[in-house]
Amino acid sequence: MNPIRSVSMHVLAAASAACLTLAAAPASAAADQHARAQRNYDTYCVQCHGIERNGKGINSKNMSVQPRDHSDAKGMTDIPDDELLHAIQDGGLAVNKSVLMPAWGNVLSPEEIKEMVAYLRHVCNCGISQ
Amino acid sequence: MKRATVIAAVVGLAASASGHAQNGQSIVESQCIACHAVAKPDKAGIDHLWERKGPDLHYAGSKFNQAWLESWLQNPARIRPAGELYTKHLKATDAEDAVDETTLQPHVKLSAADAKAAAEYLMSLKAPDGLVQAGAFKGGKVSPSMGAMFFNKLRGCGACHSTASGTGGASGAELHTAAERLQPDYIYAYVKDPQAFDPGIWMPTLNLSEPDLQRLTGYIVQLNGKGATP
C-alpha cells in the first residue's frame, strides 16, 4: 500500500473515531455524573433522606427536625440551586436550617456537589423557582 | 543442669508466646478477612466501602480495648444497627426506612482461647504514625447535660449515633458501649477526621474546634451503656 495513502486512511479513521467519541461524550459524561451522584446519594444522603428520597431515612425517626423530602416537587422548586449547593457543602446552619444536616464539603468535591444538585433536580422532577 | 533447665524454660516461653501470636494471626486470616481488611486497602475510598462487609481492622490495635475485643469476639452483639454498608440493609416502610434483618448475618463467634489469641493479634495492628496521637484526649470530665446538648443539639452527632440502646440514629456505630470498646485517643482522632481513617465514609469531617473534640470525646467515654452518664 502507498505509505501516504496508508497514513491518510489512518488519519481519516482516527478523525472518524474522534467524531464518534465527541458525539457520544456529552451523553456518556452526563450518565457517568448521574450514576456518581446516585451512588453518593446512596452513601451519604440515604441515612436521613431515605432510600425513596422522601425524607424518611432510617435516622429520621428520632430527629427533632425532619429531613427534606427530595421527592416533593413543590417544596424543592422553592429552593434555588445555589441554596441546595450551599446546604450540601456547608451544612444546614449555613442556610438557616437544621444542624442535623451536616456539611459535606470535606467529603464531596465541588464537582460532586454540583452533580448532586443536578441529581436532586432529577429526583424531584422539578425545575428551579424563578 | 540448672542452667539448661532455665534456658529450656525461656525457649519454651518464647515458643509459646510466638505460637500464640501465630495462632491469633491464623485465626484472623481464616475467619475475619472475608469481611474485614486487616491490611490497608490498595484503593481506599467509596468503592471499598461498598465492597466491604465490616469495618477495617488494619488499625485495630489503635482503636479497640483488648479486654472488650476478647470478650466481644466470644459473644458478639451488633454495633452498627443497620450493618455495613447501611444502605444495603434497609427497606422502605409506610413510616421511616427500617432495617431489613433478613439481609444481616450474625457475626462469627470464637471460643475463649481463640478470642484471646485473635484479640492479641488484632491489637498488634497499629494505625500509621500520626493518625492516633497518644494523649490527644486530655481526660477532662464533661457535664452530662452539657455533653448531651453538644452531642445532640449543637453538633448533630445523635442524628446517626445512638447513645442508649434502641434510641437515636442507626447508620453510625452505637456509642453506648464505646467507652468499653474504644480507646479515648482513637475516639478523639476519629471524630476529628473520620475520612482519614475511612476515606469516603458517610460520617462528615466537621472542622470541630479543640474544645468541641475534648467535650465530645469526654461525653462519649462517660456513656455507661444505659443512656446516662455516671
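Residues numbered from 1 in each chain as written. Chains lettered and ligands numbered in written order. Predicted model: local features only at pLDDT ≥ 70, side-chain atom pairs only at ≥ 80, totals over all residues.

## Some thoughts on the overall build of chain A
For chain A, the helix and strand inventory stands at four helices and zero strands. Order of helices (α) and strands (β) in chain A, N terminus to C terminus: α-α-α-α. Out of the 130 residues in chain A, the part that is buried amounts to 32%. Residue pairs at least 24 apart in sequence account for 48% of intrachain contacts in chain A once pairs closer than 6 positions are excluded. (Helix = DSSP H or I, 4+ residues; strand = E, 2+ residues; numbered from the N terminus. Buried ≥ 20, exposed ≤ 12 C-beta atoms within 10 Å, placed from the backbone. Contact = placed C-beta atoms within 7 Å.)

## Concerning the domain arrangement of chain B
Partitioning chain B into domains gives domain 1 (2–123) and domain 2 (144–222). Taken together, the 17 residues of domain 1 of chain B in the interface contact 15 residues of domain 2 of chain B. (Domains from an automatic or database assignment.)

## Focus: the confidence of the model for chain A
Residue and element names in this part refer to chain A. In the predicted model, chain A carries a mean pLDDT of 85, and 78% of its residues have values of at least 70. Averaged pLDDT values for the elements of chain A fall to 72 in helix H1 (residues 3–49) and rise to 98 in helix H3 (residues 81–90). Overall, residues 1–9 carries pLDDT values under 50, and its contacts beyond four positions in sequence, including any with other chains, amount to one contact. (pLDDT = per-residue confidence, 0-100.)

## A closer look at the confidence of the model for chain B
As a note on interpretation, predicted positions should not be read in detail where pLDDT is low. Residue and element names in this part refer to chain B. Chain-level statistics for chain B give a pLDDT mean of 90 and a share of 88% at 70 or above. Of all helices and strands in chain B, the one with the weakest mean pLDDT is helix H1 (residues 2–31) (61), whereas helix H7 (residues 184–192) scores best (98). Segment residues 4–19 is flagged for pLDDT under 50; beyond a separation of four residues in sequence, or across chains, it makes zero contacts in the model. The complex prediction reports pTM at 0.86, with the ipTM value standing at 0.87.

## A short note on the packing of H7(B) against helix H9 (residues 210–222) of chain B
Residues and elements named next belong to chain B. Packing of H7 against H9 leaves a shortest axis separation of 9 Å and a crossing angle of 130°. When the axis of H7 is compared with that of H9, the two are oblique. Here H7 and H9 pass one another in a crossing that is right-handed. Within the contact between the two elements, H7 uses Pro184, Ile187, Tyr188, Val191 and Lys192 and H9 uses Leu213, Leu216, Thr217, Ile220 and Val221. Grouping the constituent residues of the contact of H7 with H9 by class yields eight nonpolar, one polar and one charged. (Axes fitted to C-alpha atoms, helices over the stretch in contact; angles between N-to-C directions. Parallel < 35°, antiparallel > 145°, perpendicular 65-115°, else oblique. Left-handed = near helix turned anticlockwise from the far one by under 90°. Nonpolar A, V, L, I, M, F, W, Y, C, P; charged D, E, K, R; others polar.)

## Notes on H9(B)
Taking 1.5 Å of rise per residue, the 13 residues of H9(B) would be expected to cover 18 Å, and the 18 Å separating its terminal C-alpha atoms lies within 8% of that figure. For H9(B), the elements touching its buried residues are helix H5 (144–154), helix H6 (178–181) and H7 of chain B. (Expected span 1.5 Å × (residues − 1).)

## Notes on helix H4 (residues 110–124) of chain A
All names here are of chain A. With 15 residues, H4 ought to run about 21 Å at 1.5 Å a step, and its terminal C-alpha atoms sit 21 Å apart, in line with that. For H4, the complete set of buried residues consists of Ile113, Glu115, Met116, Val117, Tyr119, Leu120, Val123 and Cys124. Two residues or fewer after H4 comes Asn125, characterised by a positive phi angle close to 55°.

## Some words on the nonpolar core
Grouped together as the largest cluster of nonpolar side chains are 40 residues, with contacts concentrated most on B:Leu73, B:Ala118, B:Leu122, B:Ile187, B:Leu216 and B:Ile220. A domain split of this core shows at least three residues from each of domain 1 (2–123) and domain 2 (144–222) of chain B. One finds A:Tyr44, A:Val46, A:Met101 and B:Ala159 within the second-largest nonpolar core, a separate group that totals 29 residues. (Core = buried A, V, L, I, M, F, W, Y, C linked by C-beta atoms within 7 Å.)

## As for unusual backbone geometry
Here the residue pair B:Glu84 and B:Leu85 is connected by a cis peptide bond, since its omega of -10° sits within 30 degrees of zero. Among the structural elements, B:Leu85 can be located in the loop between helix H3 (66–74) and strand S1 (90–91). At A:Asn125, a residue that is not glycine, the phi angle is positive and equals roughly 55°. Relative to the elements of secondary structure, A:Asn125 occurs in the segment after H4.

## Quick word on the environment of A:Glu112
Residue and element names in this part refer to chain A. Mapped onto the elements of the fold, Glu112 is located in helix H4. Along the chain, Glu112 and Ser98 lie 14 residues apart, while their C-alpha atoms are 22 Å from each other. Discounting residues that sit within four places of it in the chain, Glu112 has contacts with Arg36 and Asn40.

## Here's the deal with the environment of B:Ala39
As for its position among the elements, B:Ala39 is in the loop between H1 and helix H2 (46–51). Through-space distance from the C-alpha of B:Ala39 to that of B:Leu125 is 8.6 Å; in sequence the pair is 86 residues apart.

## Topic: the packing of H3(A) against H4(A)
Residues and elements named next belong to chain A. Look at H3 against H4: their axes get within 9 Å of each other, and the N-to-C directions meet at 125°. Considering their axes alone, H3 and H4 lie oblique with respect to each other. The two elements H3 and H4 meet at a crossing, and its hand is right-handed. Note on element contacts: H4 touches H3 through Ile113, Lys114, Met116, Val117 and Leu120, opposite Asp81, Leu84, Leu85, Ile88 and Gln89. Across the contact of H3 with H4, the residue classes tally to seven nonpolar, one polar and two charged.

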